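# Residue-level structure breakdown
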Amino acid sequence: MRHIPDQAEAQKQFFRDGKTLALSFRLDRLRDLRNLVSDNTDLLCRAVFHDFGKPEFEAYSTEIATVLHEIDYHLKHLKSWAKPKKVKGSLLTFPSGNRIYHQPYGSVLIIGAWNYPIRLVLHPLVGAISAGNTVFLKPSELAPETSKTVAGLIKKYFAPDYVTAVEGGAETARILLQLPPDYIFFTGSAKTGKLIMREAAEHLTPFTLELGGKSPAIVHQDADMETSARRIWWGKCMNSGQTCVAPDFVAVHKNAEPEFIRHSKAVLKSFCGNSATGAFPEVKIINDSHFQRLSALLSTADLILGGETNAEKRYIAPALVRADWNQRIMKEEVFGPILPMVVYDSLPELAGRLRDMPSPLALYLFTGSSDVRRDVIRNIPFGGGCINDTISHLGNPNLPFGGVGASGTGKYHGKYSFDTFSNEKSVLDKPVWVDPDFRYPPYTPAKLNLIKTFFS
Ligand code: NAD
């Protein structure tokens, strides 16, 4: 590969030459990306297994299938999205034609996190290609085998002047940020997100930040307890809790607590068997430092269920712990298979506490009541979520995905990805067959009276 600045210059030239603009080019490149994923599914799944033991079922369903689904959705709709959109004129601009054109930004940078190391770079790549950009991808260095595999495949399937994958950590990311790119799409922690935002401010670069946070699951007293427990633990156990939209903690109504614990016990037994690191997906904690962090959280926790650990294998069995709102485990993102449980007396009290916390990426509400749904959706800020389920909202490309406030800025998936990687250019087209002198100086009292009559 060329040096990064030379490669960036080549990408800029490729873009300036207009090579990414034709719809046929973009559709062909989406098909290339589809081939990259479908021809190399086994290779990609093996790479994530190598990095942290993600079982093939999870790797396929959460990383491969989701990217293929996104590509197919874009292949189906891109032609209509890319058409200039005619919009109505207004009284102030009559007569005129008014259209919105979608213009690619140019050379965009996509930085991914390690926990879904295929999806978090290839899913946004779909939108970047659809919108007509050239792309630098930086996969996470914490999943090195996947980073190497993705970078190798990008090189094989795409011209480097169009899409380039650059491997490395923070230092490499900083070099890429200083190019500077024309758009930054970042997935990762809030801490790094702040650094990205500072870098973007330096060059006034537009950006998306996909961050994390403490996403609550709320189990109200009228919920179907068995289904709630199964669906919450499904979301928590996926990828061993190392999922940005995993239920971080559960808030259970005081009347529902015994039932929730009873069903959690049954669910974990059915998922894991009796052993600490039983048959259930043995996704490892990504590295020793995260293993130590999670073990420290467990060591001071009031354990209700599970929580056995195996340091050598970096396994932690799913754990339910009783928590207090003021404990450390309720202050930081858990990002592991430990589910702190807090108990609430009333929804207004719970809503007050949740509003005092940084806005989460997701919220999951388990209830049978439409009034409770309405109140929670209306009164608590969160990026997106589900009623009576966890995580599934990510599976629908018609729903924009992203956070709010501390959990992120900007949305993607489906058309929202196309929009994210495009500048919506507004153009007013004025006919020349008529040109009343009403708006031109001199501004006579008669003109002023006329405009006031229109708008009063
Ligand atoms: P991270 O912020 O440590 O790293 C993310 C990426 O940023 C990596 O590619 C890394 O190399 C790069 N990076 C690290 N330091 C940098 C710096 N100083 N300057 C520029 N780039 C830098 O995050 P992580 O540990 O990989 O991911 C975990 C976090 O990501 C969690 O908070 C999780 O909730 C969040 N996350 C969010 C989403 C989402 O879609 N919203 C998805 C996955 C993970």
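Preceding this paragraph is the structure being described.
Quick notes on the rules
- Residues numbered from 1 in each chain as written.
- Predicted model: local features only at pLDDT ≥ 70, side-chain atom pairs only at ≥ 80, totals over all residues.
- Heavy atoms only, no water.
- Near = heavy atom within 4 Å.
- Polar contact = N/O pair within 3.5 Å; in protein donor to acceptor, adjacent residues only side chain to side chain.
- Areas by Shrake-Rupley, 256 points an atom, 1.4 Å probe, with all protein chains shown as cover.
- 1 Å grid on protein atoms, 1.4 Å probe; cavity = no way out; pocket = protein on both sides within 12 Å on 5 of 7 lines; lining within 4 Å.
- Sits in = over half its atoms within 2 Å of the grid points.
- Helix = DSSP H or I, 4+ residues; strand = E, 2+ residues; numbered from the N terminus.
- Nonpolar A, V, L, I, M, F, W, Y, C, P; charged D, E, K, R; others polar.
- Pairing = 2+ DSSP bridges.
- Axes fitted to C-alpha atoms, helices over the stretch in contact; angles between N-to-C directions.
- Core = buried A, V, L, I, M, F, W, Y, C linked by side-chain atoms within 4.5 Å.
- Buried < 20%, exposed > 50% of the residue type's maximum accessible area, 1.4 Å probe, protein only.
- Right-handed = clockwise from strand over helix to strand, strands pointing away.

Inspection of the region around the ligand gives 28 residues, with G112, E141, T192, L211 and E333 positioned closest. Interatomic distance of 3.1 Å between a side-chain N/O atom of W114 and an oxygen atom of the ligand. One of the backbone nitrogen or oxygen atoms of E210 is found 3.5 Å away from a nitrogen atom of the ligand. When the ligand is considered free in solution it has 850 Å² of accessible area, and contact with the protein chains removes 90% of it. Most atoms of the ligand, that is more than half of them, are within 2 Å of grid points of the largest pocket. Among the secondary structure elements, those contributing two or more residues to the shell around the ligand are α7 (170-177), β6 (183-187) and α8 (190-203). Of the residues contributing to the shell around the ligand, the split by class is 14 nonpolar, 9 polar and 5 charged.

On to the sheet that holds strand β18 (residues 422-429). The 3 strands lie next to each other as β1-β2-β18, forming an open sheet whose pairing is antiparallel. Where the open sheet ends on each side, the last strands, each with one partner, are β1 (85-87) and β18. Going across the sheet, the axis of each strand differs from the next one's by a mean of 30°, ignoring polarity. Taken together, the 8 bridges between strand β2 (residues 97-104) and β18 define a ladder with antiparallel strand orientation. The residue bridging N98 from the neighbouring strand is L428, located in β18.

With that settled, consider the nonpolar core. Formed by 83 residues in total, the largest nonpolar core has its most connected members in L122, L125, I154, V250 and F260. The next biggest cluster of nonpolar side chains, apart from the first, holds 29 residues, and it includes F249, L298, M330 and Y344.

With burial as the criterion, each face of strand β8 (residues 216-219) is covered, one bearing P216 and I218 and the other bearing A217 and V219. The handedness of the β8 to strand β9 (residues 249-253) crossover, carried by helix α9 (residues 225-237), is right-handed. Relative to strand β15 (residues 362-366), β8 is paired through 3 bridges, and the arrangement is parallel. Bridge pairing in β15 links A217 to Y364.

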